[in-house]
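Structural characterization, general
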Amino acid sequence: MAAGDPSAAATSDVPATSSSAASYPDRLREALVALSQACDSGVSNASEAASFTVSDVLDAVAAVMSAEADDGSDGGNDSTAARVSEQLLREVHEFLSRPLANQMATDALSLVLPIPVAKLGAQTGGCGDIAAAILKFFVTNCSPRDMLSILCEALDAPMELPNCSSSFVLLLNALAEVLTKIQRRHIEQVKVALPAVLKVMRATVSECDEEHGKAVVDLFNAAHGIGNAIQEMCTAMVNKNKEGMCAILGLYSLQNIALASRSRQQDILCACGSVVLQHFRFLKFSGFTYVGLLTGSDVTAATDKLSKDDDADFLEGFSFAMDGAMLTVVWAYMYDDMSKYAGEELELALKEVQGNHMMKWEAINMLKYVLSSICYPWIIKSHSINLLLSLAGENHVQETNNHMDFTSYAPRIFATLKAIESVMMAAPEALMRKKAFAALKKVISMVPSSQRFDILQALVNNSMSSSLTAILLDLVREEILRESRQAENDRVESDGFQGHGELPPWASHALELVELILRPPHGGPPCLPDHGDQVISALNLLRFILIIDSRGPRSGKLFQKETLHKVHSQWLIPLIPIVAGIQSENERDDSEIANQIVCSLNPVQLVLYRCIELVEEKLKGC
């Protein structure tokens, strides 16, 4: 036998190990001989038993490799088990490639070998190339529909991550080749394959850590091969079938873009731009546009084409499609190579969306998928905030929005604002938190003034942070100031005709928020000093309303005697002993924390007494 023959390596002497690795080649040859004899005689039961024996031998060596990996012993190219793995794979490949190979034997082995062959193929040395050759032999010489089911079952089999990520790459590459060989019922076959593919992708991306980044990159390259195969199918199809397959390809691409963006590995983040670019070519082929991605309309349209009752489980595999749609735009916005590729198309899409209020709201609401998730890195969220600021435009108050029906947008814009809040509170860099606050103010300013307070009130009611509540109350104060100035301007322009104009309607609503903070609905006074930020903000808001109510022709319209008594006796006076007691207690403690508490309560006490003075002055005039 020639020295270069694959079987020559398999017959060489192998050093003994505690796992008796040296016995595996002999056991494998015996099983292959038994399989060959059984197939030649046409005895199906015997051929099935022999094929399982072949599989058991390969599985045993794979288990040895896994144990060595866990122990950290004998790893690398010098591992005895790794050399045995290559020998066994060469032996199987030689058996399958012989001129007089029996088709029954090939079919029998195709049923049981993909998993152990993929496991051994993940080892070092030449194992990967030989394993790929074996899987390709099965794909070429067995029924494509049978191999599709077999490979999907292999992908769905439990494997230990991240060690088996390379095994999945081998199986995905083989599956891509199978898909190109499917001749009939293409959509049905793709619907069988993609759930297994996406399940593997999602599990691998979430489980692999930094040191396995290269394996994740290989996995996305394999997933791109699946996309190429589906695109080939689309090219050969017509009419509704083609539309349905293009919808599948588009959703598949968006899911992969979202998964790539979720990766924690530096390798994939560096390569993510190219991954997005690869999949965006599929999106363009499928008829997706930047406008449709920005607004989510293309995702909705694709989902609608596939939303039959029997497709519900299939569509669950694309749960990150909306994320992927906005991420495609964000990557084009932040990644130079992608921007060059997108070019004028992206710029025109942004201008079109900015010029249409309905589309602008849709695009802004789409950003919540990225901003609200803890799975995307901060660099992506930072560029998402930049994109949001660009979409919103320069004007803070969009009065033209008063002419549109905002009702259907309110729940979604509330969710978007909560997502922006999460960036404000958790972003690691001050600049990003500042940009998020600017985005929050800008989006709120775009809400029609008639419904803006409802949004802010909902945000305050659902705030879990004292500092965030304080920020929101300050925004309410700014709105009251803006509304008050507008009322004054209107009065001046009308030459005093409206001299007895109404108090800004926001002011009366804002008192509800003040009461919420100073007299919490669960009872008792506010929690100090923990909630000091929101308490001083509420007091400042109350002081501001009292001052506005005391000046001009509107004087006294808001605070009637009954209201003033409630504010004085129920909101303000109960705070005096609480603040004084906390200050007195901490003044006796000379610790740094105690000094900080005293300093934080000083402005609370100052504004509290000013509010009491203003209320008492107004009570004297009642």
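Presented here is an overview of the structure given in this document. (Residues numbered from 1 in each chain as written. Predicted model: local features only at pLDDT ≥ 70, side-chain atom pairs only at ≥ 80, totals over all residues. Heavy atoms only, no water.)

Quick notes on the pattern of salt bridges
The tally for this structure, following the rule as stated, stands at 17 salt bridges. Between K351 and E347 there is a salt bridge; the shortest N-O distance is 3.5 Å. Placement of the pair is K351 and E347 together in helix α19 (residues 344-354), with a separation of 4 residues, close to one helical turn. Of the charged contacts, one joins E421 and K418 as a salt bridge, the two residues approaching to 3.1 Å between their closest N and O atoms. Residue E421 and its partner K418 are located together in helix α23 (residues 410-426), separated by 3 residues, close to a single helical turn. Overall, E421 belongs to the buried group, its relative accessible area being 2%. (Salt bridge = Lys/Arg side-chain N within 4 Å of Asp/Glu carboxyl O. Helix = DSSP H or I, 4+ residues; strand = E, 2+ residues; numbered from the N terminus. Buried < 20%, exposed > 50% of the residue type's maximum accessible area, 1.4 Å probe, protein only.)

Concerning unusual backbone geometry
Here the residue pair L528 and P529 is connected by a cis peptide bond, since its omega of 5° sits within 30 degrees of zero. Along the chain, the position of P529 falls in the loop between α27 (505-518) and α28 (532-549). Phi at R185 takes a positive value of approximately 50°, unusual for a residue other than glycine.

So, the nonpolar core
By size, the foremost hydrophobic cluster in this structure holds 203 residues, and its most contacted members are L518, L539, L542 and L572. For this core, the element with the most residues is helix α12 (residues 239-262), which contributes 12 residues. Not counting residues up to four positions away in its chain, the partners in contact with L518 are P526, V535, A538, L539, L542, W571, L572 and L575. (Core = buried A, V, L, I, M, F, W, Y, C linked by side-chain atoms within 4.5 Å. Contact = heavy atoms within 4.5 Å.)

Overview of the packing of helix α17 (residues 321-334) against helix α22 (residues 378-392)
Two elements in contact, α17 and α22, have axes separated by 9 Å at closest approach and are oriented at 90°. Taken together, the axes of α17 and α22 lie roughly perpendicular to each other. Touching M326, L327, V329, V330, W331, Y333 and M334 of α17 are I379, I380, H383, S384, N386, L387 and S390, all from α22. Tallied by class, residues from the contact of α17 with α22 come to 10 nonpolar, 4 polar and no charged. (Axes fitted to C-alpha atoms, helices over the stretch in contact; angles between N-to-C directions. Parallel < 35°, antiparallel > 145°, perpendicular 65-115°, else oblique. Nonpolar A, V, L, I, M, F, W, Y, C, P; charged D, E, K, R; others polar.)

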